[in-house]
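The lines below spell out each chain.
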Amino acid sequence: MTARFERMKSRDPSEVTPNYEVRIRRHGPGDTEVEVWQLPSLASPHVTTPTRVAGLRGRNLDLVEHRVLRRLTQEGIRLTGREGERREGHRISEDLALNLGLLFRVLAPMRSREAMRAVADGVEAMGREEAAYWLGMTMHRKNPRRVLTALRFLLTDPKRA
């Protein structure tokens, strides 16, 4: 047991933590897609190829784009926005990946702007453990729609409308 601990201790911390990447793809002017991907690492041996966690595009992304860009800027990620560059990939922390992944998954099918704002506020206020719980439930359940619906009900106030 101690030899294994020493081996893990001697490694770079980025090798023994889950690795995530945010990918920004520009399909055209004003048409951007943001995706969160989990990359293979020692911390997640079941992930052998990059796995898409979640993504958002279109009007739903437009509503929360300022929040996403603010969080990416806090991580030190600046989007270049060059014309010739259609794709960008940046490593992000696990906390940011959990929050963005959950935010993208829960907002994707929604249409009501007021409900989307309430859900985005709720997801943004979540701690790491809560976001990890909900994202895990949505990724590893047989019927993730039920989990996402339950989360939407919890984060929206029916009396507000």
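The text that follows walks through the structure, step by step, so that each part is easy to find.

What counts and how
- Residues numbered from 1 in each chain as written.
- Predicted model: local features only at pLDDT ≥ 70, side-chain atom pairs only at ≥ 80, totals over all residues.
- Heavy atoms only, no water.
- Phe/Tyr/Trp six-rings, centres within 6.5 Å; stacked < 30°, edge-to-face > 60°.
- Lys NZ or Arg CZ within 6 Å of the ring centre and 35° of its normal.
- Core = buried A, V, L, I, M, F, W, Y, C linked by side-chain atoms within 4.5 Å.
- Buried < 20%, exposed > 50% of the residue type's maximum accessible area, 1.4 Å probe, protein only.
- Helix = DSSP H or I, 4+ residues; strand = E, 2+ residues; numbered from the N terminus.
- Contact = heavy atoms within 4.5 Å.
- Pairing = 2+ DSSP bridges.
- Axes fitted to C-alpha atoms, helices over the stretch in contact; angles between N-to-C directions.
- Expected span 1.5 Å × (residues − 1).
- Bend = angle between axes of the 7 residues up to and from the residue.

Glancing now at the packing of aromatic side chains. Applying the stated rule across the entire model yields one aromatic pair. With a centroid separation of 5.5 Å and an interplanar angle of 80°, the aromatic rings of tyrosine 133 and tryptophan 134 are classed as edge-to-face. A cation over a ring is seen here: arginine 23 above tryptophan 37, with NZ or CZ 4.2 Å from the ring centre.

For the rest of this paragraph, the subject is the nonpolar core. Ranked by size, the top nonpolar core spans 38 residues in total, and within it Val36, Leu72, Ile92, Leu102, Leu103, Phe104 and Leu107 carry the most contacts. Looking at this core, the elements that each hand over two or more residues are strand S1 (19–28), strand S2 (31–39), strand S3 (51–57), helix H2 (59–74), helix H3 (94–107), helix H4 (113–125), helix H5 (128–140) and helix H6 (144–155). Per element, the largest residue contribution to this core is nine residues, and it comes from H3. Excluding residues within four positions of it along the chain, phenylalanine 104 makes contact with Val34, Val36, Ala54, Gly55, Leu56 and Val68.

Moving on, we come to the sheet that holds S2. Ordered by their spatial adjacency, four strands build an open sheet running S3-S2-S1-S4, and the pairing between neighbours is antiparallel. Two strands bound the open sheet, and with one partner strand each, they are S3 and strand S4 (87–92). Here the strands of the sheet are splayed against their neighbours by 20° on average, with no regard to which way each runs. Pairing between S2 and S3: six bridges, direction antiparallel. Its bridge partner being in S3, glutamine 38 is matched across the sheet by threonine 51. Lying over the sheet, H2 contacts S1, S2, S3 and S4, oriented at roughly 115° with respect to S3.

For H2, with 16 residues, the first-to-last C-alpha span of 24 Å sits near the 22 Å given by 1.5 Å per residue. Residue glutamate 65 marks the point of greatest curvature in H2, where the axis turns by about 55°. Among the residues of H2, Asn60, Leu61, Leu63, Val64, Arg67, Val68, Arg71 and Leu72 are the ones counted as buried. In this structure, the buried side of H2 is in contact with S1, S2, S3, S4, H3 and H4.

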